[in-house]
Number of protein chains: 4
Amino acid sequence: MTERNIRVEPIDRYAVEDQEVEIVERKGLGHPDSICDGIAESVSQALARTYLDRVGKVLHYNTDETQLVAGSAAPAFGGGEVIEPIYLLIVGRATKHYVDEDGTEYNIPTETVALRAARDYLGEYFPELEFGTDIVVDVKLGEGSGDLQEVFSEEGATVPMANDTSFGVGHAPLTETERIVLEAERRLNGPYAADNPAVGQDIKIMGKREGDHVDITVAVAIVDSYVEGMADYIDEVEGVREFVTDVANGITDRTVDVHVNTADDYDEGAIYLTTTGTSAEQGDDGSVGRGNRANGLITPNRSMSMEATSGKNPVNHIGKIYNLLSTEIAESVVSEVDGIRDLRIRLLSQIGRPIDEPHVADAHVVTADGVDVADIEDDVSAIVDRELADVTEITRRVIDGELTTF
Amino acid sequence: MTERNIRVEPIDRYAVEDQEVEIVERKGLGHPDSICDGIAESVSQALARTYLDRVGKVLHYNTDETQLVAGSAAPAFGGGEVIEPIYLLIVGRATKHYVDEDGTEYNIPTETVALRAARDYLGEYFPELEFGTDIVVDVKLGEGSGDLQEVFSEEGATVPMANDTSFGVGHAPLTETERIVLEAERRLNGPYAADNPAVGQDIKIMGKREGDHVDITVAVAIVDSYVEGMADYIDEVEGVREFVTDVANGITDRTVDVHVNTADDYDEGAIYLTTTGTSAEQGDDGSVGRGNRANGLITPNRSMSMEATSGKNPVNHIGKIYNLLSTEIAESVVSEVDGIRDLRIRLLSQIGRPIDEPHVADAHVVTADGVDVADIEDDVSAIVDRELADVTEITRRVIDGELTTF
Amino acid sequence: MTERNIRVEPIDRYAVEDQEVEIVERKGLGHPDSICDGIAESVSQALARTYLDRVGKVLHYNTDETQLVAGSAAPAFGGGEVIEPIYLLIVGRATKHYVDEDGTEYNIPTETVALRAARDYLGEYFPELEFGTDIVVDVKLGEGSGDLQEVFSEEGATVPMANDTSFGVGHAPLTETERIVLEAERRLNGPYAADNPAVGQDIKIMGKREGDHVDITVAVAIVDSYVEGMADYIDEVEGVREFVTDVANGITDRTVDVHVNTADDYDEGAIYLTTTGTSAEQGDDGSVGRGNRANGLITPNRSMSMEATSGKNPVNHIGKIYNLLSTEIAESVVSEVDGIRDLRIRLLSQIGRPIDEPHVADAHVVTADGVDVADIEDDVSAIVDRELADVTEITRRVIDGELTTF
Amino acid sequence: MTERNIRVEPIDRYAVEDQEVEIVERKGLGHPDSICDGIAESVSQALARTYLDRVGKVLHYNTDETQLVAGSAAPAFGGGEVIEPIYLLIVGRATKHYVDEDGTEYNIPTETVALRAARDYLGEYFPELEFGTDIVVDVKLGEGSGDLQEVFSEEGATVPMANDTSFGVGHAPLTETERIVLEAERRLNGPYAADNPAVGQDIKIMGKREGDHVDITVAVAIVDSYVEGMADYIDEVEGVREFVTDVANGITDRTVDVHVNTADDYDEGAIYLTTTGTSAEQGDDGSVGRGNRANGLITPNRSMSMEATSGKNPVNHIGKIYNLLSTEIAESVVSEVDGIRDLRIRLLSQIGRPIDEPHVADAHVVTADGVDVADIEDDVSAIVDRELADVTEITRRVIDGELTTF
């Protein structure tokens, strides 16, 4: 038995997998909102590591506000160009000056750290986007109002106190439709793109399931320098369609239709052609926290937190920690305990208490046929307890870039 | 019977009012995220009206991306000052040049219209915030990639086609906790603030109900020029506590505790004192779509759309329209049909079809004791049908500022 | 005799008044470069006064870098509008945080002080330009690298040391052409504009004298809301021409031709019509120090300093002080000593010496017929000495706004 | 005889070489004002070349307004770092959209062209300054108000009409002091820096000659990563002193003292150490046209034009063309005609006339002993005439980067 306030209860709805209509969406890596999420989180990791390297502990910061203003471009078969650069403003708070107990002063180059993180992130994931000319990156990091946080240091972590009432929610297992949407994007933006450079990073996937039929709608930016004409373009679109169909069929036995770039009109020449691989080059603005939740998906059928996870300080931002942790807990539980068809973990913080002692930690389950909640209650509870006890591990993994936030 | 695809079904969960734990949050008018929502929506309305006045129809625009970068301030009893101004960047797309069928050319001053809308909005709701000196407002409105939309003109409206797969969700009736949170903020920021100028606009309210006990936690920025010392400050905090307690007791018979500015530490002098009435003056950044949903609340117990409603074009942005419309429908249904304890309306668009013919319009109900879904199905269905037929009325009301979006 | 190194010598050229060709130019108050000069200097004065009020002495700052980016406008008879706002960025250095000898800490709101100064300056001189909507004013004031300067305080001034090798030059008396150019602009932008609101602030005057004929070319922005049509416009232009002709004839007996808005082409409708009274509204950028020298004129026939005077710290910026002081000295000398046809005062600083002891102070004179340099040498020298001794008075007068810098 | 209005006359002053006191200054390549000049001119050249490549002629543009806002840095022996990046805003006008006579449309990527030019310029001359992280470069290029200029095309150039009254002035030969200042900086920033990477680009040289003694004062930013301690620093300073002394002694037989980094205080550790080689990293802002004139020098002893030459359109900006051309003429004359001790060429434009027919072209000479103006008048006049006839060659050379502008 644990002292933590953990409840395991049946949920008062069907498993999402069993609901009649299911909608799932993922904004891929190159969607303007995801670009902002990715940069905000890179900046956060870079700041945390800089603080650890220099001061030995993570100081106060929060960089969860990046704004992208779209540029304009003139894509063309064989290679077009950016006409007006994308503008991206990194916004947030960071401790620039610090004096430790020994009186040693530190001036932390928070803004150059942030710019380098953005440059490196863009360089790694957006090969077609020239940093500084196709995209202008500026930064405004003010001093925060918050107190210093010294809870996470090289010597080890102590569990911080919750300083806000906040809420995190996680789910497991993913439904088939969710897995299709998530994996299709990840594999398109991973191995598939490596072999098919014409596939841009801006991939948006919508999954809609009605009963046993799944429609997967993919919008994928094609990079103009790799396609010489309409025939090439159509080949690329068809290639994506086939690839995603294969991904889907590997995950579900339901019938699946995959639709790619449905807004195209070949006769009008209206196609989704880009120079840089993202719609940010032409008219689509973006910002942090407007897209995927911490598990990488937008799932209207499930409880979601409004919290923007990317860019938040992983040492003390309770919303970030609880959203990531509840997802981790849910996944651990379903991988270790049989008989769970749907699980929702919710963590609600309690101001002034250590964050490993939430006000409520509730696990709502839909059990498989023949399994009773009582059969698994203790096992679930023990895993929740164990994971809560290990809460600072979330912080470490975020700083090390082992956890995705969007 | 209707040709629209309307379904009325039982929902597979308890009414939120009957769930064991309920969490509700509202970021008030002066929260940095809400400031962005409010300005984005004002800019949108101003642009729509400008287009109607000049061109006779609403042209393409989208202004749902405002970024606020916090300033710094030195509040002090009797009146402090802003040290570094807040920076606010209005971002979006708008049609700047238009030629109508007769060849008449129009140059639309979209950026000055946006700046004036922001100035007027701030002037109306933030009396302590000097425009241009306490807050610098800049604007970047690019040309969009979208086609012109001519569906909404002075002569009347035609129903536009959906150009995206999008989703809206609305709920009614509000639970007691939701009503307390929503009304408390609105009345604090309305009549109460009119009598108590020390109460700033940045009011954040969290409601947590466990069974039959409700905790309401209020964080309210106190304006320094109206409080001469700690005693005044404490009076103001106590006044808010009493007022919110009265509001709550007028709504529920459950037991209610109201907590105001719980992070204050009078001994340390650490209190929530501001010069301008918003935490944007010191360290809290903000952006659009990160806070309240279209119904003014954040409700983890309910399905929510991630869509940022504020600032979007109300003529053709299907996500904005469906979120507002589904909320309107839900409210109409529960006001006209007896026996509904909880109602969720979901609208899913169908690309290429008129937006009054959604792919799915489903009404999920929890009926009151003794009422069967079958008893009310036809009534509900008829109201959904009627409201969908009147979809362009949503557009008109948004443009006229009759509907709130956050 | 004085200890200062003062030389009085004949100049090795004719008096400018007697040269065959003379060119003079003045960019009036509303020229984009002058707008920047004016704002930079207002910001400087406001900061100096703020430091004096709060800390009792002027701290380190320098605000001589304002950049104006032109907007776009659609002027029209009867009243047009600004389409894209002017953007103005105030740049410089200022001390934001200060601890005095007693340990008292001061946080100086340098950025809000700067913004207010800009707002007030624009409000006073540019009635047609709406602050914050027709012109967006932003500010970037960094901390400087300079040491604190404590030389100018409420209790009185001590003479600072020169920390740079710098140079100032002043001339007197003005030639007739110079006086015409200077007075015409000042009176147009003063009493004449008060009676003729159609006359905008952007007035550029070029004077060219060849022998005894003077051509005055005036470019004056006409404000559209005060002219109903071409006839009104032509009346305004003609009015300016007559007024400037009268000004000129009151100053010189030479023949004078006045040309106003010579680039106009009435048939083509190409005229100098503006909505706000300045060409900054449409395509003309501006910055500090690019226009008038400290005496208000651009005089290629005379020695000029490249130093931007506006916005510099008047306590310790040796270039600013010496340019203003040498002009003051020159004017004092010619008003007190008869027989001087042309006088140039040059001051060259000596690093590490008090600024009232320049390395060189030389007075180069062209004497009137019958006067010898030896006749006036002692008088000139005494005045130079007296004025140098009173150098801190320049600082006081700059801070009090009694001296113009452009 | 020529039809051009060319006058050759004695000047009414001594040759500058023979004046008692002479002051000369040069702001080297890495001075914040020169960085702006250099970028403005690179952007101009890049735009001109882009227009020629794409449209076949140079379209309207003007990019003579770049603003640099200093960063902050923490230099340290062995290598410090930039704390807050430098911010540089490229400002100007450029034609973004053009339709030629055949109806072909062109969208010119003026902003990305400008950013690339800035990146390449910084990359070439500032190896220690990381583009995009040590320095953030942003751009605001509006559409201009000007008419299109089609005078300079691939097929050849026609002489444009002057559209403004403007003035250019050039001098030759340089005095010894001027040559020392100019050559010392160029050789320090050229071969010397190639061998001595510790020498930063920010080199400011002031020359003061009194009679036959010349003082050369050099302020040179030392790059921290190449100096391990104070001894190294002192070596570098001494090396510069010796090098400049050699340069000076190679040019003049007068006595010369060279002073380097005179503000240093080794005991206090107050030295001119930088991380990037420019004072822009810490506290020194900059803008275009505030430093060197077109001949690379600031020469208070000579007539100077206030015109900012860098960044202006070389096809039709009369001030730029005349300043460069008058300098070229002066140099040609003194290289081809013997007996000239000092020559000043002035060109004054005449609105509405071809620019090769100035209103006045006057050559003011100080002849060598035994030479009379009349002896050389025809030769001088012929060269002036020849060079004026070839005015469009100036445009070509500017576009090809063969002429320096600062």
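Conventions adopted
Residues numbered from 1 in each chain as written. Chains lettered and ligands numbered in written order. Predicted model: local features only at pLDDT ≥ 70, side-chain atom pairs only at ≥ 80, totals over all residues. Heavy atoms only, no water. UniProt positions renumbered as here; feature names shortened; annotations may be inferred. Helix = DSSP H or I, 4+ residues; strand = E, 2+ residues; numbered from the N terminus. Rg over C-alpha atoms; globule rule 2.2 N^0.38 Å. Buried < 20%, exposed > 50% of the residue type's maximum accessible area, 1.4 Å probe, protein only. Contact = heavy atoms within 4.5 Å. Areas by Shrake-Rupley, 256 points an atom, 1.4 Å probe, with all protein chains shown as cover. Lys, Arg positive; Asp, Glu negative; His and termini not counted. Charge placed at Lys NZ, Arg CZ, Asp CG, Glu CD. Salt bridge = Lys/Arg side-chain N within 4 Å of Asp/Glu carboxyl O. Polar contact = N/O pair within 3.5 Å; in protein donor to acceptor, adjacent residues only side chain to side chain. Least-squares fit on C-alpha atoms with pLDDT ≥ 70 in both. Domains from an automatic or database assignment. Buried area = accessible area lost by both parts, 1.4 Å probe. Pairing = 2+ DSSP bridges. Axes fitted to C-alpha atoms, helices over the stretch in contact; angles between N-to-C directions.

Under an unreviewed UniProt entry, the name given to chain A is S-adenosylmethionine synthase, and the source organism is Haloarchaeobius iranensis. On record in UniProt, under Catalytic activity (unreviewed entry), the comment for chain A is "L-methionine + ATP + H2O = S-adenosyl-L-methionine + phosphate + diphosphate".

From N to C terminus, chain A includes seven helices and 19 strands. Its C-alpha atoms give chain A a radius of gyration of 22 Å, near enough to 22 Å, the size a compact globule of 406 residues would have. Considered along the principal axes of its C-alpha atoms, chain A spans approximately 65 × 65 × 25 Å. Each of the 406 residues in chain A was classed as buried or not, and the buried ones make up 66%. The contacts of chain A with a sequence gap of at least 6 include a subset with a gap of at least 24, amounting to 77%. Accessible surface for chain A amounts to roughly 13900 Å². Of this, 43% is attributable to carbon and sulfur atoms. Here chain A holds 33 positive side-chain charges and 80 negative ones, and the gap between their average locations is 5 Å.

All names here are of chain D. Relative to the elements of secondary structure, Asp202 occurs in strand S13 (residues 199-210). Lys204 provides the closest opposite charge to the buried, salt-bridge-free Asp202, at an N-O distance of 8.1 Å. A polar contact of 2.7 Å, which involves the side chain of Asp202, links it to the side chain of Ser279. Filtering out sequence-adjacent residues up to four positions away, Asp202 remains in contact with Gly30, His31, Pro32, Ala219, Val220, Ala221, Tyr272, Gly277, Thr278 and Ser279.

The next subject is the relation of the copies chain B and chain C. Taken as rigid bodies, chain B and chain C are interconverted by a rotation of 180 degrees and an axial shift of 0.0 Å, the fit giving an RMSD of 0.0 Å. One copy is carried onto the other by what is essentially a two-fold rotation axis. Nearest to the rotation axis, the C-alpha of Gly132 of chain B is located 2.8 Å from it, this being the minimum over chain B. Here 100% of the contact residues of chain B are again contact residues in chain C; the copies associate through an equivalent surface.

All names here are of chain A. For chain A, the domain assignment lists domain 1 (6-14 + 166-174 + 290-399), domain 2 (32-152) and domain 3 (176-283). Across the boundary between the two partners, domain 1 contributes seven residues, which contact five residues of domain 3. Where domain 1 packs against domain 3, one counts one salt bridge. The salt bridge involving Glu178 is made with Arg302; its shortest N-O contact spans 2.8 Å. The interface formed by domain 1 and domain 3 includes one residue pair in polar contact (both at pLDDT 80 or more).

Further remarks concern the interface of chain B and chain A. The interface is formed by 58 residues belonging to chain B together with 58 residues belonging to chain A. For the pair chain B and chain A, the summed buried surface comes to about 4400 Å²; carbon and sulfur atoms form 53% of the total. When the area that chain B buries against chain A is broken down by residue, the three leading residues are Asp12, Arg290 and Met306 of chain B, summing to 18%. The interface formed by chain B and chain A includes eight salt bridges. On the surface where chain B and chain A come into contact, there are 23 residue pairs in polar contact (both at pLDDT 80 or more). Of all the elements in the fold, those that place two or more residues in the side of chain B that touches chain A are strand S2 (21-27), strand S3 (61-69), strand S6 (86-94), strand S13 (199-210), strand S17 (286-287) and strand S18 (340-348) of chain B. Here the side of chain B that touches chain A takes six residues from S3 of chain B, the largest share from any one element.

For the rest of this paragraph, the subject is the sheet that holds strand S12 (residues 167-172) of chain A. Residue and element names in this part refer to chain A. Spatially, the four strands line up as an open sheet ordered S1-S19-S18-S12, and their pairing is mixed. Each edge of the open sheet carries a strand with a single partner, namely strand S1 (6-10) and S12. Each strand axis lies, on average, 15 degrees off the axis of its neighbour in the sheet, ignoring direction. Two strands pair when backbone bridges link them, and S1 and strand S19 (residues 360-367) are joined in this way by five bridges, in the parallel orientation. In the strand pairing of S19, Ile6 is matched with Ala361. Its contacts with the sheet place helix H6 (residues 373-389) against S1, strand S18 (340-348) and S19, and it is angled at close to 145 degrees to S1.

Here we come to the pattern of salt bridges. Going through the model one piece at a time under the given rule, you end up with 162 salt bridges over all chains. Of the charged contacts in the structure, one is a salt bridge between Glu402 of chain A and Arg397 of chain A, with a shortest N-O distance of 3.7 Å. With a shortest N-O distance of 3.1 Å, Arg302 of chain D and Asp342 of chain D are connected by a salt bridge. Taken together, the residues Arg302 of chain D in the loop between strand S17 (286-287) and helix H5 (318-336) and Asp342 of chain D in strand S18 (residues 340-348) connect sequence positions 40 residues apart. The residues Arg302 of chain D and Asp342 of chain D share a single accessibility class, namely buried. When salt bridges with common partners are traced through the structure, they connect Glu328, Glu393, Arg396, Arg397, Asp400 and Glu402 of chain A into a single cluster.

Okay, the sheet that holds S3 of chain B next. Residue and element names in this part refer to chain B. The strand order across the open sheet built from four strands is S9-S6-S3-S17, with neighbouring strands paired in mixed fashion. Of all strands in the sheet, those bounded by a partner on one side alone are strand S9 (135-142) and S17. Pairing geometry for S3 and S17, over two bridges, is antiparallel. Across the sheet, Leu68 pairs through a bridge with Gly286, a residue of S17.

It is worth spelling out the pairing of strand S3 (residues 61-69) of chain D at this point. Residues and elements named next belong to chain D. Along S3, nine of the nine residues are buried, which leaves the element largely enclosed by surrounding structure. As paired strands, S3 and strand S6 (residues 86-94) are joined by seven bridges and run antiparallel to one another. Opposite Glu65, over in S6, you have Val91 as the bridge partner.

Taken together, the 26 residues of chain B in the interface contact 26 residues of chain C. Viewed at the interface, chain C and chain B are joined by ten salt bridges. A salt bridge links Glu130 of chain B to Arg119 of chain C; the shortest N-O distance between them is 2.3 Å. Applying the counting rule to chain B against chain C returns six residue pairs in polar contact (both at pLDDT 80 or more). Of all the secondary-structure elements, those providing two or more residues to the side of chain B that touches chain C are strand S5 (81-84), helix H2 (110-125) and S9 of chain B. Examining the composition of the side of chain B that touches chain C, we find that six residues originate from one element, H2 of chain B, more than from any other.

The next point concerns the side chain of Arg13 of chain B. You can see Arg13 of chain B is positioned in the loop between strand S1 (6-10) and S2. For Arg13 of chain B, the contacting residues outside a window of four places in its chain are Asp12 and Arg13 of chain A together with Gln19, Arg302, Asp342 and Val366 of chain B.

Moving on, we come to the environment of Gly352 of chain C. All names here are of chain C. Within the element layout of this structure, Gly352 appears in the loop between strand S18 (340-348) and strand S19 (360-367). Residue Gly352 is classed as partly exposed on the basis of its relative accessible area of 46%. In this view, Gly352 contacts Met161 and Ala162; residues no more than four positions away in its chain are not counted.

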